[in-house]
Amino acid sequence: MRDLTATAKIYHDHLGFTVGGQGKHPGGTANAVIGFKNKTYFELISIYDRDRAAKNEADMIAFLDKHEGALQAGLEIASADETAAYLRTRGFDIVGPVGGTFKPDGVKETPPELYKDVLFKKPAVPGDTIFFAEYHHDAWRKLQKEYPQLLDDPAKSTHANGSLDIQAVWMSVKNLDMATKAYESVGFSRGARIELPAIGATAQEFHAGDGTILLVSPAASRSGGAVRKFLSDRGESVMGVSIEVQRLAETQSVLKEGLHKSLKTYPGLYGESVVVPGGFAAGVWIEFFEKAK
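Residues numbered from 1 in each chain as written. Predicted model: local features only at pLDDT ≥ 70, side-chain atom pairs only at ≥ 80, totals over all residues. Heavy atoms only, no water.

1. Focus: the overall build of the protein
Here is step 1 of the chain: The helix and strand inventory of the protein stands at eight helices and 16 strands.
Here is step 2 of the chain: Against the compact-globule benchmark of 19 Å for 293 residues, the protein has a radius of gyration of 19 Å, which places it among compact chains.
Here is step 3 of the chain: Along the longest, intermediate and shortest principal axes, the C-alpha atoms of the protein span 55 × 50 × 40 Å.
Here is step 4 of the chain: Residues classed as buried in the protein amount to 49% of the 293 residues present.
Here is step 5 of the chain: Taking contacts inside the protein between residues at least 6 apart in sequence as the whole, the part at least 24 apart equals 57%.
Here is step 6 of the chain: Just so you have it, the protein exposes about 14,700 Å², and 52% of that area is on carbon and sulfur atoms. (Helix = DSSP H or I, 4+ residues; strand = E, 2+ residues; numbered from the N terminus. Rg over C-alpha atoms; globule rule 2.2 N^0.38 Å. Buried < 20%, exposed > 50% of the residue type's maximum accessible area, 1.4 Å probe, protein only. Contact = heavy atoms within 4.5 Å. Areas by Shrake-Rupley, 256 points an atom, 1.4 Å probe, with all protein chains shown as cover.)

Below, the structure written as structure tokens:
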């Protein structure tokens, strides 16, 4: 995000999310987190020191110079060492595990290593949209003891829009068959192939722990559609997410008040849904759905 404070305001005031405090990474980026019940989260990230970020996050700078929106999806893993070894046996050139940390608001010193990332040296899937992260939960709990304001608080994952969990992340791809093979080569398990008329897409599901990766590609039967336009504007990238909510009618009410716009419902993949186009959410398409009973 180009302006972290402004984007956090959009997500809170217009979309009804609870946004956490800001923190800083030593590499020149700043963040704010939107957490959910199942411990998934949005990480809003911007640049606070371009010179530092140029050494560590050149891809992010290049992206933000042209766009706003989602850049990558991080997938939690149990062991960064094991994941790196597994991917190397499949022939991938891997960066890491690389340790990292960040400094939350109110913390005096830079904390010790809080996570390890595993990344692909060369893109393994279209758009280079995924990476893997092992979180050091013991180190985080130790930091929470020193700084009680960091303790888990149910209010931080309670949202005015009723959001509960992230169910799926959408990846826009040009060639669905080729993208499917790429994700299988990384080790993901293929699910169903489905039509998503609300965004003019044919989609391929992949299982990712408790959630889903959805590869979305323009439906052959449609000349327009949101996915086709997104690909034209942004190319192969992270397009959006599907989020489960408690009661869709209440979510609609919050969105109507925040966006000054009525969003129509439609029968989505996971239940009755509404979608917020990327233009209202700093480039990220957000589908809210109430799970079918």
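Now that the structure is up, let's keep going.
2. So, helix H8 (residues 248-259)
Here is step 1 of the chain: With 12 residues, H8 extends 16 Å between its outermost C-alpha atoms, agreeing within 8% with the 16 Å of an ideal straight helix rising 1.5 Å per residue.
Here is step 2 of the chain: Every buried residue of H8 is listed here: Leu 248, Thr 251, Leu 255, Gly 258 and Leu 259. Seen along its axis, H8 keeps its buried residues to an arc of 90°; they face one direction. Turned more than 90 degrees away from the buried face of H8, the exposed residues are Ala 249 and Glu 257.
Here is step 3 of the chain: Those residues of H8 that are buried lie in contact with helix H1 (4-14), strand E13 (238-245), strand E15 (271-276) and strand E16 (285-291).
Here is step 4 of the chain: Just beyond H8, the residue with positive phi is His 260, at close to 55°. (Expected span 1.5 Å × (residues − 1). Arc of directions from axis to C-beta.)

3. Notes on helix H4 (residues 80-89)
Here is step 1 of the chain: Among the residues making up H4, those that are buried are Ala 80, Thr 83, Ala 84 and Leu 87. Along the long axis of H4, the arc covered by the buried residues comes to 100°, so they all point the same way. Of the exposed residues in H4, the ones pointing more than 90 degrees away from its buried face are Glu 82 and Thr 89.
Here is step 2 of the chain: Downstream of H4 by a residue or two, Gly 91 has a phi angle that is positive, lying close to 95°.

4. Things to note about the sheet that holds strand E2 (residues 29-35)
Here is step 1 of the chain: Taken in spatial order, the four strands of this open sheet run E3-E2-E1-E6, and their pairing is antiparallel. Pairing within the sheet leaves two strands with one partner each, and these edge strands are strand E3 (41-47) and strand E6 (103-104).
Here is step 2 of the chain: Contacts from H1 reach strand E1 (22-24), E2 and E3, with the element oriented near 150° to E3. (Pairing = 2+ DSSP bridges. Axes fitted to C-alpha atoms, helices over the stretch in contact; angles between N-to-C directions.)

5. Here's the deal with the side chain of Ser 217
Here is step 1 of the chain: The topology assignment puts Ser 217 in strand E12 (residues 211-218).
Here is step 2 of the chain: Setting aside residues up to four positions removed in sequence, Ser 217 forms contacts with Val 173, Lys 174, Asn 175, Leu 176, Gly 200, Ala 201, Thr 202 and Val 227.

6. With respect to the packing of aromatic side chains
Each aromatic ring pair is described using two quantities: the centre-to-centre distance and the angle formed by the ring planes.
Here is step 1 of the chain: Per the stated rule, a full pass over the model turns up 14 aromatic pairs.
Here is step 2 of the chain: Ring plane angle 35° and centroid distance 5.8 Å describe the contact between Tyr 11 and Phe 17, whose orientation is recorded as tilted.
Here is step 3 of the chain: On the accessibility criterion, Tyr 11 (1% relative accessible area) is buried.
Here is step 4 of the chain: When the centroid spacing of 6.0 Å and the interplanar angle of 65° are considered together, the rings of Phe 17 and Phe 42 count as edge-to-face. (Phe/Tyr/Trp six-rings, centres within 6.5 Å; stacked < 30°, edge-to-face > 60°.)

7. A short note on the sheet that holds strand E8 (residues 130-135)
Here is step 1 of the chain: Pairing in this open sheet of four strands is mixed, and the strands run E4-E8-E7-E5 from one edge to the other. Both edges of this open sheet fall to strand E4 (73-76) and strand E5 (94-100), since each of them pairs with a single strand only. Sheet twist, expressed as the mean angle between neighbouring strand axes with direction ignored, is 25°.

8. A closer look at the pattern of salt bridges
Here is step 1 of the chain: One pass over the structure, following the stated rule, counts 11 salt bridges.
Here is step 2 of the chain: Note that Asp 13 and Lys 9 form a salt bridge whose closest N and O atoms lie 2.6 Å from each other. Highlighted residues: Asp 13 and Lys 9, both in helix H1, separated by four residues, approximately one helical turn.
Here is step 3 of the chain: When its relative accessible area of 37% is taken as the criterion, Asp 13 is described as partly exposed. (Salt bridge = Lys/Arg side-chain N within 4 Å of Asp/Glu carboxyl O.)

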